[in-house]
Amino acid sequence: MPFIDVNGEQLEVDEDGFLQDPEKWNEDVAKYLAKTEQVEELTEEHWKMVNYLHDYFKKYQIAPMVRKLCKDNGMDLKKVYELFPTGPAKGACKIAGLPKPTGCV
Amino acid sequence: MVKTDFGPPKYLDMMSDLCKRNYGKWKYHEVLDTGTLVHVAENGEKLYTVRSATPRLIHIDTLRVFCDLADKYCNGFFRFTSRHSIEFLLEDESNIEPLKADLHAMGYSPGGVGNTISNMLHTQGWIHCHTPAIDASGIVKAVMDEVFDYYTEAKLPARLRLSLACCLNMCGAVHCSDVAIVGIHRVPPKVLDEKVAKMCEIPNVVAACPTRAIRPEPAKKSVVINDEKCMYCGNCYTMCPAIPIFDPKNDGAAIFVGGKVSDARHPAMFSKLAVPYIPNEPPKWPTVVKTVRMLIDVYAKDAKQGERYGEWINRIGWERFFKVTGLPFTDKHIDDYIFSVPTFRSTATFKW
Amino acid sequence: MPELRKTPMLDQLLDGPFPSFVKEIKKGAEKNEACNDLLGQLELSYEEKITHWKHGGIVGVTGYGGGVIGRYSDVPEQFPGLTEFHTMRVNQPAGWFYKTDRLRKLLDIWEKRGSGLTNFHGATGDIILLGTHTDELQNVADDLAHEGWDLGGSGSDLRTPSACVGPGRCEWACIDTLDIVDTLTRRYQNELHRPMWPYKFKIKISGCANDGVAAKARADCSIIGTWKDNIQVNRTEVVNYVNGGFDIIGQVVDKCPTKCISYNPVTKSLSIDDNNCVRCHNCINKMPKALRQGKINGATILIGGHAPILQSAFMSWVVVPFMEMKPPYTEISDLLEKIWEWWDENGKMRERTGELIYRLGMRSFLKATGLPAVPQMVLHPRTNPFFFWDKEEVNQ
């Protein structure tokens, strides 16, 4: 498994760059991961989504479905892709430190 | 800005003038031989189709040779079928035989038209899939080699659709095919607790189990599986990489028969279990191959002209099917999943 | 270029009359390291009877949430060429028609940027490009876009719709399958490229009851061509079939499921009691020159088909027995959008449309879509007295 270096700390990620240990997630990790997902700077709107995802996962141990994610943040899907060009699953969930979404491809 | 959401190439740009001219104006077609069709338009124009099965897994250089042949004989036009066969579309009848000769020279034989086995629909298997219980391409190759005479010669009572899916996700219409091979597991998956805790969405893993065999194990932030309830579908593994289900000693193939999608004569039917398990025997899966050959031979000999596999079984009855095929009937053949009761017989009218 | 991998087991699949996939991989292996390693890894799978692909990865291209499937070898030390070996799905032209100059462009791109291995086609209908590196994905998508090829669907989205050959080369297309699939695919690009639903949704379109793309078995929404008026009989051609030795009694009259066809051997004439015909298509299949479908054409719309697993496999069932299918196909679009809205609002994670209908009942589905209950929806009415009434249906 590869590692990323955030402020001198080595964090394990999988091949797709998803954080392996959700406990290690913090704002700096989010900033680092954002750069790997074409988000140069995390704005307030980004943080709103990232924190929402992180909290949702903490509470329910799952990622929200896309419809819920849009509704709860008052965004349509187009807006989500504007903020996270690689999409809610690959982009936003990764930045929020969630495990890799699975399911049928 | 990257160009997005423009959709596939327009199909009319991929069609010959003859096809465009006669679009929606076809009058009838005839089967000329097991590899050739002719479609006749209202205005009398004819389009000849030469069909040839491909192995689905195709290198670009082979596709380029197909392109060369289409340029040489078809003004640059061909199509594929939904079953991985290529169809060359010819306007000039005199090009049919030279095209067939060129196809033979590259190891491709026209066939699969009419009362034959068309190509075998299949999936990725060990070549590129992460959940397979069996390989796909290897079994297809071995089976098609064995039943090739049924592909090139019209000696079946009706068409026969063969298919293979390498796991219970059943990509491909194995559940509605005349003869179908499905990859199955036979032992419950193993739970790697530490990894589950890190990698998986536990409520989704629990919900993924159709028999409610999985429950959360909060102390370990993992799950436990009740082995008694597990029927090895692998749906939990699809949701969670930390619950591997593979077991080379136990994975293998089941064979189903009698399904179809067409409504002609009898409405579409699901395929039904004929053989619950045959172990993986790479590289040529001799037992699977022998069994499929036998299943087709028996049908070819016993069915009436025009009867699809399932229609034949409906006529002779399942007790006769197991008798004429010599296959053992076991407790595995009696449904105990969700909709089992309507499959039980409530009559004293049998054949012996 | 390193030496070709030794593959004694796979080599046994080189000969024989059916074209060999091993030959195809070897063609690639001569010039591409990934293909050579694929031979090696596959040989290992044959030895060990197990797959060597890790559980699905998540990779993609900018702006899309689907179309690319991540694949990583679990033995990359042995087969470095397969460390990253991702699949790309490319939306096929309707009916899988190809013109060589357009296809050659796609092949060139895949030679330059990928393994050179393909599937023509995947089970859903896409062109499958097998195997490339993460850092090539965007390049492939950009190059393809430049030549007019767009990606298909994957994940919980509208999967790439597909259709039979239809009016492009078939006299039995009751509906314009190609135009319908092309129109719907273009109309729902956002739904196709950006997963947003509980699970996947497939649309397949067959022009007649023979259901050439197995729509009924494989699609959440199956659109199948049919007609309402009488079968057209060409009496001269009927006589020609009989004179040619065709077994009209055995193949047509006896096989008719509703026994609505009779044949008079004296006058050599066929008569059809059209009121009892269910349009199964057998007689037309058997005598294409003599019998043709009626002229009032449309489609039967069926919902709920899928193969695995949770609630067993379902075949799609009828929700609209007959729908006119004329451009711009507003009626089917309206229905699809109502279904998606209801399913998205009520569906659980990874619940297919058919499973949701099974859970909440057709009653709930019909209410949401505004479709009327009609006898064509069922084989027979229920056999139990356990049904629901709404508040407004009972006396308060």
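Calculation rules
Residues numbered from 1 in each chain as written. Chains lettered and ligands numbered in written order. Predicted model: local features only at pLDDT ≥ 70, side-chain atom pairs only at ≥ 80, totals over all residues. Heavy atoms only, no water. Helix = DSSP H or I, 4+ residues; strand = E, 2+ residues; numbered from the N terminus. Buried < 20%, exposed > 50% of the residue type's maximum accessible area, 1.4 Å probe, protein only. Contact = heavy atoms within 4.5 Å. Areas by Shrake-Rupley, 256 points an atom, 1.4 Å probe, with all protein chains shown as cover. pLDDT = per-residue confidence, 0-100. Core = buried A, V, L, I, M, F, W, Y, C linked by side-chain atoms within 4.5 Å. Pairing = 2+ DSSP bridges. 1 Å grid on protein atoms, 1.4 Å probe; cavity = no way out; pocket = protein on both sides within 12 Å on 5 of 7 lines; lining within 4 Å. Points joined across faces, edges and corners; volume = space filled by probe spheres on them. Nonpolar A, V, L, I, M, F, W, Y, C, P; charged D, E, K, R; others polar. Domains from an automatic or database assignment. Polar contact = N/O pair within 3.5 Å; in protein donor to acceptor, adjacent residues only side chain to side chain. Buried area = accessible area lost by both parts, 1.4 Å probe. Salt bridge = Lys/Arg side-chain N within 4 Å of Asp/Glu carboxyl O.

Some details on the overall build of chain B
1) Next: Along the backbone of chain B there are eleven helices and twelve strands.
2) Next: Seen through its principal axes, chain B has C-alpha atoms that stretch 75 × 70 × 35 Å.
3) Next: A burial count over chain B gives 61% of its 352 residues as buried.
4) Next: Counted over contacts in chain B with a minimum sequence separation of 6, partners at least 24 positions apart contribute 63%.
5) Next: When the accessible surface of chain B is summed, it comes to about 13,400 Å², and 54% of that surface belongs to carbon and sulfur atoms.

Let's talk about the confidence of the model for chain C
1) Next: Of the residues in chain C, 100% reach a pLDDT of 70 or more, and the chain-wide mean stands at 96.
2) Next: In the predicted complex, the global pTM is 0.97; the interface-specific ipTM is 0.97.

Some thoughts on the nonpolar core
1) Next: Ranked by size, the top nonpolar core spans 162 residues in total, and within it F78 and F88 of chain B together with F201, I223 and I301 of chain C carry the most contacts.
2) Next: Not counting chain neighbours up to four residues away, the residues in contact with F88 of chain B comprise Y48, T49, V50, F66, L69, A70, C74, F78, L99 and L103 of chain B.
3) Next: Grouped together as the second largest cluster of nonpolar side chains are 71 residues, A53, I313 and F322 of chain B together with M9 of chain C included.

Overview of the sheet that holds strand β14 (residues 317-323) of chain C
All names here are of chain C.
1) Next: Taking strand neighbours across the sheet as the criterion, the five strands line up as β6-β7-β8-β13-β14 in an open arrangement whose pairing is mixed. One side of each edge strand has no neighbouring strand; the edge strands of this open sheet are β6 (162-163) and β14.
2) Next: As judged from the two bridges shared by β6 and strand β7 (residues 203-206), these two strands associate in the parallel manner. If you follow S162 over to β7, its bridge partner there is K204.

Quick word on empty space enclosed by the protein
Which parts of space are left empty comes out when a probe the size of a water molecule is rolled across the atoms.
1) Next: A complete count under the given rule lists nine cavities of 30 Å³ or more for this structure.
2) Next: Looking at the second largest cavity, its volume works out to about 720 Å³.
3) Next: Surrounding the second largest cavity, 43 residues form its lining, A89, P101 and T102 of chain A together with I58 and P195 of chain C being those nearest its centre.
4) Next: Along the lines of polarity and charge, the residues of the lining of the second largest cavity split into 23 nonpolar, 16 polar and four charged.
5) Next: The residue makeup of the lining of the second largest cavity includes at least three contributed by each of domain 1 (8-146) and domain 2 (162-227 + 298-393) of chain C.

Side note on the side chain of S73 of chain C
All names here are of chain C.
1) Next: The topology assignment puts S73 in the loop between β1 (68-69) and β2 (87-90).
2) Next: A polar side-chain atom of S73 sits 2.9 Å from the main-chain amide nitrogen of V75.
3) Next: Discounting chain neighbours no more than four positions away, the residues touching S73 are Q41, H52, W53, K54, L82 and T83.

Describing the environment of L14 of chain C
1) Next: By secondary structure assignment, the location of L14 of chain C is in the segment before α1 (21-29).
2) Next: C-alpha separation for the pair L14 of chain C and K289 of chain C, spaced 275 residues apart in sequence, amounts to 42 Å.
3) Next: L14 of chain C has contacts with K141 of chain B together with S20, V22, K23 and K26 of chain C, leaving out every residue within four places of it along the chain.

Description of the domain arrangement of chain C
Residue and element names in this part refer to chain C.
1) Next: Domain annotation of chain C identifies domain 1 (8-146), domain 2 (162-227 + 298-393) and domain 3 (232-292).
2) Next: Computed over C-alpha atoms only, the centres of domain 2 and domain 3 are separated by 32 Å.
3) Next: With seven residues of domain 2 in contact, the opposing surface of domain 3 contributes seven residues.
4) Next: Across the interface of domain 2 and domain 3, roughly 700 Å² is buried in total on both sides, 61% from carbon and sulfur atoms.
5) Next: Inspection of the region where domain 2 meets domain 3 yields zero salt bridges.
6) Next: In this assembly, domain 2 and domain 3 are joined by two residue pairs in polar contact (both at pLDDT 80 or more).

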